[in-house]
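# Coordinate analysis (summary)
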Amino acid sequence: MAIFTLGINHHSAPLAIREQVAFHVETLPQALTSLVRARPVREAAILSTCNRTELYCATDVPEAVADWFAEYHRLERETLKPFLYTLPPKEAVRHAFRVASGLDSMVVGEAQILGQMKDAVRLAESAGTLGMHLHKLFQRAFAVAKEVRTTTAIGANTVSMAAAAVQLAERIFESISSQKLLFIGAGEMIELCATHFCARQPKQVTVANRTVERGRALADRFNGHAIRLDELADTLGQYDIVISCTASPLPIIGLGMVERAIKARRHRPMFMVDLAVPRDIEPEVGELDDVFLYTVDDLAQVVTVGMESRQAAVLQAEAIIETQVESFLHWMASRDTVPLIRGLRDAAERARRHELEHAMRRLAAGDAPEKVLEQLSLRLTNKFLHAPTQALQLSDAQTRKALQQAAAYLFHLHPEDNSGR
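Residues numbered from 1 in each chain as written. Predicted model: local features only at pLDDT ≥ 70, side-chain atom pairs only at ≥ 80, totals over all residues. Heavy atoms only, no water.

## Let's talk about the overall build of the protein chain
A count of helices and strands for the protein chain gives 16 helices and ten strands. Its C-alpha atoms give the protein chain a radius of gyration of 33 Å, more than 25% over the compact-globule value 22 Å for 421 residues. C-alpha atoms of the protein chain, sized along the principal axes, occupy 115 × 45 × 45 Å. Considering only contacts within the protein chain whose residues lie at least 6 apart along the sequence, 70% involve residues at least 24 apart. For the protein chain, the distance from the average site of its 47 positive side-chain charges to the average site of its 51 negative ones is 8 Å. (Helix = DSSP H or I, 4+ residues; strand = E, 2+ residues; numbered from the N terminus. Rg over C-alpha atoms; globule rule 2.2 N^0.38 Å. Contact = heavy atoms within 4.5 Å. Lys, Arg positive; Asp, Glu negative; His and termini not counted. Charge placed at Lys NZ, Arg CZ, Asp CG, Glu CD.)

Structural data, given as structure tokens:
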């Protein structure tokens, strides 16, 4: 039984494909049960996020998993083939360790994926599809991720514009949770910023957009409300944090508008981020005493420093992972010898009991204890060595040489030391 990983992620497939193979958390238990019952799969866990859908399986037939994956999502196997990767055992182990450590993420070093992987493991465990092999794999993956995070700077610095904006805001305000936020625009960058900022649970969220319906759709996701762009002049002073990114060819927030807003706020500080190109906020706004204005270039500097630091950490992390991969593969290989070891011990135990019973009968018959012990040791030695000695004597030349090497290794023999005796 080997471990394989099959999947599709942001490296291998566009969003249009990834969204077709995502699993909803409510249906995951049923999907896991279906996979294990319908295919020659002993163990299974499914990790499904916005960037990846991956199936971790203990099986000898990974092709059957790929077939099930396509059938479950009602897709042709050929449709998925260009985007689907199947990783053999060594690569599957390395991949699991890299995913848990944040090295395979869209933003290298992000920590969210580790929690998502832990959720996937808990689901598989509750569904009864997590066996010894996958349990050991994921526990080792979590340990590797912890080592990477504690011994490298993989997560120490900001590497996205949205995260950089949050980091800068937290330098101005003690807690974002007490602030009112205004997002101007409703595109991808604003959506990403809203995701980062709203993770801090702000006091209020408002989205201003030229199309109110689109602004409302975004605001609803974060329990906020929407306003029109032409309402900015009257409401700007209500907000502590303003993030803007529109496609306007001219600034939509001028110096006079901000001056009035600051006056209405009684000069309480306002944090503003302009991610638009061309800019949404007039540059002169940054000269006001109570305004902290950052542009896309300002945030890029924060991100650049973070990326340089993380790239150095990635090399350290990869070295840690490589060592742990070899360790895990050694454990996997050792599991293959367990039945043989158990068989050897069972045979030895049967021989021991048989000879012990024989010795006890001789003692009961009145034989001298010294003689009984001598015979017991001789009979046990002969029984233990009979099978390997016979195999050596009856084997052909090529097999005999391999058996001689194995016997010397197993019993720590050094034939050359006895050659002159």
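## Some points on unusual backbone geometry
Its identity is not glycine, yet Asn223 carries a phi of approximately 55 degrees, on the positive side. The topology assignment puts Asn223 in the loop between α10 (212–221) and β7 (225–228). For Arg266, which is not glycine, the phi dihedral falls at a positive 55 degrees. Of note, Arg266 is situated in the loop between α12 (255–264) and β9 (270–274). Note on Arg266: relative accessible area 75%, which makes it exposed. (Buried < 20%, exposed > 50% of the residue type's maximum accessible area, 1.4 Å probe, protein only.)

## A short note on a nonpolar patch on the surface
A surface patch of nonpolar side chains, about 520 Å² in accessible area, is lined by Tyr409, Leu410, Phe411 and Leu413. One can find Leu410 in helix α16 (residues 397–410). (Patch = residues over 30% accessible without salt bridge, like charges linked within 9 Å, V, L, I, M, F, W, Y side chains within 5 Å. Areas by Shrake-Rupley, 256 points an atom, 1.4 Å probe, with all protein chains shown as cover. Salt bridge = Lys/Arg side-chain N within 4 Å of Asp/Glu carboxyl O.)

## A word on the side chain of Gln179
Relative to the helices and strands, Gln179 resides in the loop between α8 (161–172) and β5 (180–184). Overall, the relative accessible area of 11% leaves Gln179 in the buried class. Excluding residues within four positions of it along the chain, Gln179 makes contact with Phe173, Pro202, Lys203, Gln204, Asp240 and Ile241.

## Remarks on helix α5 (residues 89–100)
Given a rise of 1.5 Å per residue, twelve residues ought to cover 16 Å, and the 17 Å separating the end C-alpha atoms of α5 matches this to within 8%. Judged by how many residues are buried, α5 sits mostly within the fold: nine of twelve residues are covered. Looking only at α5, the buried set comprises Ala92, Val93, Arg94, His95, Ala96, Phe97, Arg98, Val99 and Ala100. One or two steps after α5, the chain reaches Gly102, where phi turns positive at roughly 85 degrees. (Expected span 1.5 Å × (residues − 1).)

## Remarks on the sheet that holds strand β4 (residues 85–87)
The strand order across the open sheet formed by four strands is β2-β3-β1-β4, and the pairing between neighbours is antiparallel. The open sheet has two edge strands, β2 (41–48) and β4, and neither has a second partner. Direction aside, neighbouring strands of the sheet carry axes that sit 15 degrees apart on average. Pairing analysis gives eight bridges linking strand β1 (residues 2–9) to strand β3 (residues 52–59), with the strands arranged antiparallel. Within β3, the residue paired with Gly7 across the bridge is Glu54. Taken strand by strand, helix α2 (residues 28–38) contacts β2 and β3, and its axis lies near 150 degrees from that of β2. On the sheet, helix α7 (residues 132–151) packs against β1, β2 and β3 and is oriented at approximately 35 degrees with respect to β2. (Pairing = 2+ DSSP bridges. Axes fitted to C-alpha atoms, helices over the stretch in contact; angles between N-to-C directions.)

## Re the pattern of salt bridges
By the definition in use, this model includes 21 salt bridges. Note that Glu170 is salt-bridged to Arg200, the shortest N-O span being 2.7 Å. One end of the pair, Glu170, is in helix α8; the other, Arg200, is in the loop between α9 (188–198) and β6 (204–209), with 30 residues separating them in the sequence. On the basis of relative accessible area, Glu170 is assigned to the partly exposed category, the value being 37%. Relative accessible area serves as the criterion here: at 38%, Arg200 is assigned to the partly exposed category. Residues joined by salt bridges that share partners form a network here, namely Arg52, Glu54, Arg98, Asp104 and Glu318.

## Some thoughts on the environment of Cys50
By the secondary structure assignment, Cys50 is in the loop between β2 and β3. Measuring from C-alpha to C-alpha, the distance between Cys50 and Arg18 comes to 7.6 Å, with 32 residues separating the pair along the chain.

## A word on the packing of helix α6 (residues 112–127) against α7
It is the contact of α6 with α7, at a shortest axis distance of 11 Å, that shows an interaxial angle of 165 degrees. The angle between α6 and α7 places the two elements in the roughly antiparallel class. Two packed elements cross with a definite hand, and for α6 against α7 that hand is left-handed. Between α6, through Leu114, Met117, Lys118 and Val121, and α7, the contact on the second element is made entirely by Phe138, Phe142 and Ala145. A per-class count over the contact of α6 with α7 returns six nonpolar, no polar and one charged. (Parallel < 35°, antiparallel > 145°, perpendicular 65-115°, else oblique. Left-handed = near helix turned anticlockwise from the far one by under 90°. Nonpolar A, V, L, I, M, F, W, Y, C, P; charged D, E, K, R; others polar.)

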